[in-house]
Amino acid sequence: MTDGEKLDLILSRLDKMDSLESEIQDMKKEIQDMKKDISAVKRQVMKSTAELKAMDEIILDEVERVHLILDKHKKDKSTHTA
């Protein structure tokens, strides 16, 4: 192999390495973007979960309140005519 061929081979490999390095940099940026998106989704899920728990508590409190009203109504024999 002549010196010129060796030099061409080295230059060809350097071009490929530059291309790979560029692709790696692009991938790193995409990974960083995905990490940001995942963090945002995690925050949204946590927020939604907290809101659902709060709604569950409100609903259960209301069910309990209505249940107490019905129990009082059942005990009050003056309201029943049958």
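Residues numbered from 1 in each chain as written. Predicted model: local features only at pLDDT ≥ 70, side-chain atom pairs only at ≥ 80, totals over all residues. Heavy atoms only, no water.

J.: Hey, could you run me through the overall build of the protein chain in this one?
T.: Across its full length, the protein chain holds one helix and zero strands. The globule rule puts the C-alpha radius of gyration for 82 residues at 12 Å, and the 35 Å found for the protein chain is more than 25% above it. A principal-axis box enclosing the C-alpha atoms of the protein chain has dimensions of 115 × 20 × 10 Å. Out of the 82 residues in the protein chain, the part that is buried amounts to 0%. Accessible surface computed for the protein chain: about 8,000 Å², of which carbon and sulfur atoms make up 62%. Taken together, the 16 basic and 19 acidic charged side chains of the protein chain have centroids lying 9 Å from each other. (Helix = DSSP H or I, 4+ residues; strand = E, 2+ residues; numbered from the N terminus. Rg over C-alpha atoms; globule rule 2.2 N^0.38 Å. Buried < 20%, exposed > 50% of the residue type's maximum accessible area, 1.4 Å probe, protein only. Areas by Shrake-Rupley, 256 points an atom, 1.4 Å probe, with all protein chains shown as cover. Lys, Arg positive; Asp, Glu negative; His and termini not counted. Charge placed at Lys NZ, Arg CZ, Asp CG, Glu CD.)

J.: How do you make sense of the environment of Glu57 when you look at a structure like this?
T.: Topologically, Glu57 is positioned in helix α1 (residues 3-75). Owing to a relative accessible area of 47%, Glu57 belongs among the partly exposed residues under this scheme. Separated by 25 residues in sequence, Glu57 and Gln32 have C-alpha atoms that sit 38 Å apart.

J.: Just checking my understanding: could you explain a nonpolar patch on the surface for this structure?
T.: Judged by side-chain polarity, Leu7, Ile10, Leu11, Leu14 and Met17 come together as a nonpolar surface patch covering roughly 480 Å² of accessible area. Within the element layout of this structure, Ile10 appears in helix α1. (Patch = residues over 30% accessible without salt bridge, like charges linked within 9 Å, V, L, I, M, F, W, Y side chains within 5 Å. Salt bridge = Lys/Arg side-chain N within 4 Å of Asp/Glu carboxyl O.)

J.: Looking at this model, I keep getting lost on the pattern of salt bridges. Mind explaining?
T.: Side chains that carry opposite charge are capable of pairing whenever their charged atoms lie near each other. Taken as a whole and assessed by the stated rule, the structure comprises two salt bridges. Glu62 serves as the salt-bridge partner of Arg65, at 2.6 Å between the closest nitrogen and oxygen. Of the two residues, Arg65 and Glu62 both sit in helix α1, three residues apart, roughly one turn of that helix. Look at Arg65 and you get partly exposed, because its relative accessible area is 44%.

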